[in-house]
Amino acid sequence: MLASPIMNPIALLATYYAFPDTPQIILARIIGGMLIACMVALTFKWKPHKLCMAELVTKDEENKLSTITNNLPQPKDYQYGSQNQEGNKKKIFLLHVEREFSQLLIYFSAAAFTLALFQVWIKPTFFSGSLDVATPIANALLLVLAFLFSLCSTSDAIIGRSLSNLFPISAVLGFLWLGPMIDIKNVYMLRQYISTSFILRLVITISIVTYIMTLLFQFLFNV
């Protein structure tokens, strides 16, 4: 879940397109992304979340649970049964599309608004030149922006390129690492299936590990 957006071939091609003169960025994104994903996964293996420690239910308990679930009231627009004809299935399909689109639209719109605001007003006003702050602060700032912007992993490299004139490369890499792993829209989608405590731990763990990786990269390569 964490590594696949970064390892996406289209995302890697977009990164190469954004940084044609520095192919090392692609290699750093691949290696750093894999290391971050593995370290985050290991923290959950070393100390499993309570969501992962539930005992397996017996067959009888599973049957009882299935019976209870089947008897729960279903939303009217999402009822399934043998009485549903092909026309009704098409209607249900369209209702699902409409529901998912309407729920996600607000998050994509908020991300687009934030990004446009940054590009048009915030960046020219506050970041007209090289950002004169300590690297640790710059790294943390871009991690926050990566979470808020909620960019697609196939387009964040373009924004990262524009930020490379303002921030150190270590901060830009943090932007390219964290964004595909966790952002506002990912949190929303995870909330549909996973407990809030698990998501909170996931966000904090990814942020800490990514931040440490940016500091390590800056220490090793001084960029």
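Residues numbered from 1 in each chain as written. Predicted model: local features only at pLDDT ≥ 70, side-chain atom pairs only at ≥ 80, totals over all residues. Heavy atoms only, no water.

Asks: Which residues make up unusual backbone geometry, and what are the values?
Replies: Positive phi is not limited to glycine here, since Ser-150 has a value of about 55°. Following the sequence through the fold, Ser-150 ends up in the loop between α6 (135-149) and α7 (156-163). (Helix = DSSP H or I, 4+ residues; strand = E, 2+ residues; numbered from the N terminus.)

Asks: Run through helix α8 (residues 169-181), naming residues and quoting values.
Replies: Its 13 residues place the ends of α8 19 Å apart at the C-alpha level, agreeing with the 18 Å of an ideal helix rising 1.5 Å per residue. With 12 of 13 residues buried, α8 lies mostly within the body of the structure. Elements in contact with the buried residues of α8: α1 (4-7), α3 (24-46), α6, α7, α9 (184-191) and α10 (196-221). (Expected span 1.5 Å × (residues − 1). Buried < 20%, exposed > 50% of the residue type's maximum accessible area, 1.4 Å probe, protein only. Contact = heavy atoms within 4.5 Å.)

Asks: Tell me what's going on with the environment of Ala-37, and back it up with residues and numbers.
Replies: Counting through the fold element by element, Ala-37 comes out in helix α3. Ala-37 sits in the buried class, given a relative accessible area of 11%. Here Ala-37 is in contact with Leu-2, Ala-3 and Met-181, once residues within four sequence places are set aside.

Asks: Which residues make up α3, and what values go with them?
Replies: At 3.6 residues per turn, the α-helix brings residues three or four places apart onto the same side. With 23 residues, α3 should reach 33 Å at 1.5 Å per residue; the first-to-last C-alpha distance of 32 Å fits that figure. For α3, the complete set of buried residues consists of Ile-25, Ile-26, Ala-28, Arg-29, Gly-32, Gly-33, Ile-36, Ala-37, Val-40 and Phe-44. Buried positions along α3 lie against α1, α2 (9-18), α7, α8 and α10.

Asks: Give me the packing of aromatic side chains: which residues, what numbers.
Replies: Any two aromatic rings considered together are summarised by their centre-to-centre distance and by the angle between their planes. Throughout the structure, instances matching the rule amount to 4 aromatic pairs. Centroid distance Phe-149 to Phe-175: 6.3 Å. Interplanar angle 75°. Geometry classified as edge-to-face. A residue pair is termed long-range when its members are at least 10 positions apart, and Phe-149 in helix α6 and Phe-175 in helix α8 qualify at 26 residues. In this structure Phe-149 comes out as buried when scored by relative accessible area, which is 1%. Consider the rings of Phe-217 and Phe-221, whose centres lie 4.8 Å apart with planes at 40°: the pair is tilted. With Phe-217 and Phe-221 both in helix α10 and 4 residues apart, the pair spans about one turn of that helix. One residue, Arg-201, lies across the ring of Phe-44, its end atom 4.1 Å from the ring centre. (Phe/Tyr/Trp six-rings, centres within 6.5 Å; stacked < 30°, edge-to-face > 60°. Lys NZ or Arg CZ within 6 Å of the ring centre and 35° of its normal.)

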